[in-house]
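# Inside the fold
Residues per chain, in single letters:
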Amino acid sequence: MHFLKAKGIFLHFAGIMLLLAGFLMFFASSEAQAATFAQRMANMAEIKDIRVSSNGDRARIVLDTTKDVTFKTSVLSNPQRIVVDIQGAWISSDLKKTINVGSRFAKSVRLAQFDPNTVRVVIESSMNESNRNFFTLNGGDTGHRLVLDFGNVSKGSGGAAIDFGKKGSETGNKDNTQPSSGDDTITPSTNPEENKDKKEEVIPVVEPEFTPGIKGKKITIDAGHGGSDVGAIGPTGVTEKSITLRIAQELQRQLKAEGAEVIMTRIKDTEVSPKRGKATDIEELQARCDVANKNNSDIFVSIHMDSFTSSSPSGTTGYYYGKGTKASVRLAQCISDGVVSALSTGHRGVKSCNFYVVRHTTMPAVLLETAFISNEKEERLLNSDAGIKKAASGILAGIRKFFG
Ligand SMILES: [Zn+2]
């Protein structure tokens, strides 16, 4: 009884308010309506820019937004398209709405104002849920971003970086676990994915001391990728895993000839983890680190080939762990210098990175991007016996210089 009475009073009140609202709307000017619209727009996130990048491991689409956004993911079939609806967002009028990604992980991306409140992003991609990782990022020079990764999302560029499996939510929640990063195109040293590891750092920053000379030194050589993980693929179909193994084997031969004790993470086309193809990315990369760590190696050399979507980039890069030893920086410098002079490649420099294999090895470690497999000239060079020999002797010269 009491309840019914209260409800009646409420309805009476609501009726008056409705009349009042109608009255106000009748007199509302168009300027006022425009102001309300502008205000609503101001509260929404503007999609300012869209950037795409890719390498042999994945494709990345970055949407620059003026505010943090929430999103919902769904999948359409025939052909498969991934739909990401961004709520409370609108698109800058001068933004290119269709972009060709040109990656085997994601073909293209389209943007549209789906309804006044929603921007719809449609990505043509055959990647399943475990090969996608969507998350938002804040801070850095570029502000708010929505990052859409496709491919080997738990691996970074070169198959050597890693995250710890924390996926961005696919149901619209924000995943802001990544610290800010100024740049989120796929370049190994600035990949926010790599910073997901919040575990205690493994490497103690104690500078090692070495006796001079290669003789008697324990050197672990890691041929990047292998088995089910082919790595990047060149324009004529040459696989990264085959080149890295050939260089590693040639380097092993040359190092042994100088009296070094050589430990190989793999000697054939296979994974390193005893779980083989069933190993997770972390297990596989940790298995490579274990080989070096358990053998108490003096140095660790991980051999890779770089890759990009366009064929123009070329050259050699030496990567070291940013929070590691000065010896690692010097090792990366010596080895990349050696390779550049042996192969006559361009020097792209030595760069700090967070790649798993250089982070979780306990000795001076380098990840060498020997040259670009995506560049026809460098693919041809490194697919030849002469190129393999030169690359190996370049690494050897670098190791020789490192030990002094
Ligand atoms: Zn690689």
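Residues numbered from 1 in each chain as written. Predicted model: local features only at pLDDT ≥ 70, side-chain atom pairs only at ≥ 80, totals over all residues. Heavy atoms only, no water.

### Considerations on the packing of aromatic side chains
What counts, and what does not: For this analysis, a ring pair means two rings from Phe, Tyr or Trp (six-membered ring only for Trp) whose centres lie within 6.5 Å, classed as stacked if their planes differ by under 30 degrees, edge-to-face if by over 60, and tilted for the remaining angles. Secondary structure follows DSSP: runs of H or I at least 4 residues long count as helices, runs of E at least 2 residues long count as strands, and numbering of each begins at the N terminus. Each residue's exposure class comes from its accessible area (1.4 Å probe, protein chains only) as a fraction of the maximum for that residue type: buried when under 20%, exposed when over 50%, partly exposed otherwise. Note on criteria: charge over ring means Lys NZ or Arg CZ within 6 Å of the ring centre, with the direction from the centre no more than 35 degrees off the ring normal.
Tallying each qualifying case throughout the model produces 5 aromatic pairs. With a centroid separation of 5.1 Å and an interplanar angle of 90 degrees, the aromatic rings of Phe-210 and Phe-403 are classed as edge-to-face. Here the residue Phe-210 occupies a position in the loop between β10 (144-151) and β11 (218-223), and Phe-403 occupies one in helix α8 (residues 385-403), the gap between them amounting to 193 residues. The exposure class of Phe-403 is buried, given its relative accessible area of 6%. In this structure an aromatic cluster arises from ring pairing among Phe-210, Phe-402 and Phe-403. Sitting over the ring of Phe-403, Lys-217 keeps its end group 4.7 Å from the ring centre.

### A look at the sheet that holds strand β7 (residues 108-115)
Our working rule: Should DSSP find at least two bridges between two strands, the strands are regarded as paired. All axes here are fitted lines through C-alpha atoms, helices being fitted over the stretch that makes contact, and every angle between N-to-C directions spans 0 to 180 degrees.
If you trace the 5 strands from one edge of the open sheet to the other, you get β3-β4-β8-β7-β6, paired in antiparallel fashion. Two strands close off the open sheet at either side, each with one partner strand: β3 (70-76) and β6 (98-100). Neighbouring strand axes in the sheet, compared pairwise and without regard to direction, differ in orientation by 20 degrees on average. Here β6 pairs with β7 via 3 bridges, running antiparallel. Paired with Ile-99 across the bridge in β7 is Val-109.

### Concerning helix α4 (residues 281-294)
Heads up, the rule is: Under the convention used throughout, the expected extent of a helix is 1.5 Å for every residue step, that is, one less than its residue count.
Its 14 residues place the ends of α4 20 Å apart at the C-alpha level, agreeing with the 20 Å of an ideal helix rising 1.5 Å per residue. Those residues of α4 that sit buried are Glu-284, Leu-285, Ala-287, Arg-288, Cys-289, Val-291 and Ala-292.

### A look at the layout of surface pockets
We apply this condition: A 1.4 Å probe that fits but cannot get out identifies a cavity on a 1 Å grid over protein atoms alone, an open set with protein on both sides within 12 Å along at least five of seven lines counts as a pocket, and a residue lines either if it has an atom within 4 Å of a point. Grid points are joined across faces, edges and corners, and a volume is the space filled by probe spheres set on the points. Under this grouping Gly is polar, as are all residues other than the nonpolar Ala, Val, Leu, Ile, Met, Phe, Trp, Tyr, Cys and Pro and the charged Asp, Glu, Lys and Arg. Domain delimitation follows an automatic or database domain assignment.
Size it by volume and the second largest pocket reaches roughly 280 Å³. Around the second largest pocket, the lining comprises 17 residues; the ones closest to its centre are Asn-55, Ile-233, Ser-307, Phe-308 and Thr-309. Considered class by class, the residues forming the lining of the second largest pocket number 5 nonpolar, 11 polar and 1 charged. Summarising the domain contributions, the lining of the second largest pocket has at least three residues from each of domain 1 (45-176) and domain 2 (218-402).

### So, unusual backbone geometry
In this chain, Asn-78 is followed by Pro-79 through a cis amide linkage whose omega measures -10 degrees. Take Pro-79: it is sitting in the loop between β3 and β4 (81-87). Its identity as a non-glycine residue notwithstanding, Arg-276 has a phi of 50 degrees, on the positive side. With respect to the helices, strands and loops of the structure, Arg-276 is situated in the loop between β12 (261-264) and α4.

### What to know about the side chain of Thr-361
As for its position among the elements, Thr-361 is in the loop between α6 (356-359) and β16 (365-372). For Thr-361, a relative accessible area of 0% gives the class buried.

### A few points about the nonpolar core
Soluble globular proteins tend to bury their nonpolar side chains together. Stated precisely, the cut-off is as follows: The criterion is simple. A nonpolar core is a set of buried Ala, Val, Leu, Ile, Met, Phe, Trp, Tyr and Cys residues joined through side-chain atoms within 4.5 Å. We call two residues in contact whenever any of their non-hydrogen atoms come within 4.5 Å of each other.
Formed by 40 residues in total, the largest nonpolar core has its most connected members in Ile-221, Leu-255, Ile-335, Ile-395 and Ile-399. Among the elements that take part in this core, α8 stands out by supplying 8 residues, more than any other. Beyond its immediate sequence surroundings of up to four residues, Leu-255 is in contact with Ile-214, Ile-219, Ile-221, Ala-260, Val-262, Leu-396 and Ile-399.

### Describing the sheet that holds strand β1 (residues 45-54)
Hydrogen bonds along the backbone pair up the strands of a sheet, which may run parallel or antiparallel. Taken together, 5 strands build an open sheet; the order of strands is β5-β1-β2-β10-β9 and the sheet is mixed. In the strand order of this sheet, the two ends are held by β5 (89-91) and β9 (132-137), each with one partner. Taking each pair of neighbouring strands and ignoring which way they run, the sheet shows an average axis angle of 30 degrees. Looking at chain direction, β1 and strand β2 (residues 58-65) are connected through 7 bridges and run antiparallel. In the strand pairing of β2, Val-52 is matched with Ile-61.

### Some thoughts on the packing of helix α3 (residues 240-257) against α8
Let me state the cut-off plainly: For classification purposes, angles smaller than 35 degrees are called roughly parallel, those larger than 145 roughly antiparallel, those between 65 and 115 roughly perpendicular, and all remaining angles oblique. Helix crossings fall into two classes, left-handed where the near helix is turned counterclockwise from the far one by less than a right angle and right-handed where it is turned clockwise.
Packing of α3 against α8 leaves a shortest axis separation of 8 Å and a crossing angle of 55 degrees. In terms of axis orientation, α3 runs oblique to α8. Crossing angle aside, the handedness with which α3 passes α8 is right-handed. The segment α3 lies against α8, with Ile-243, Arg-246, Ile-247, Glu-250, Leu-251, Arg-253, Gln-254 and Leu-255 engaging Asp-385, Ile-388, Lys-389, Ala-391, Ala-392, Ser-393, Ile-395, Leu-396 and Ile-399. Residues belonging to the contact of α3 with α8 are distributed by class as follows: 10 nonpolar, 2 polar and 5 charged.

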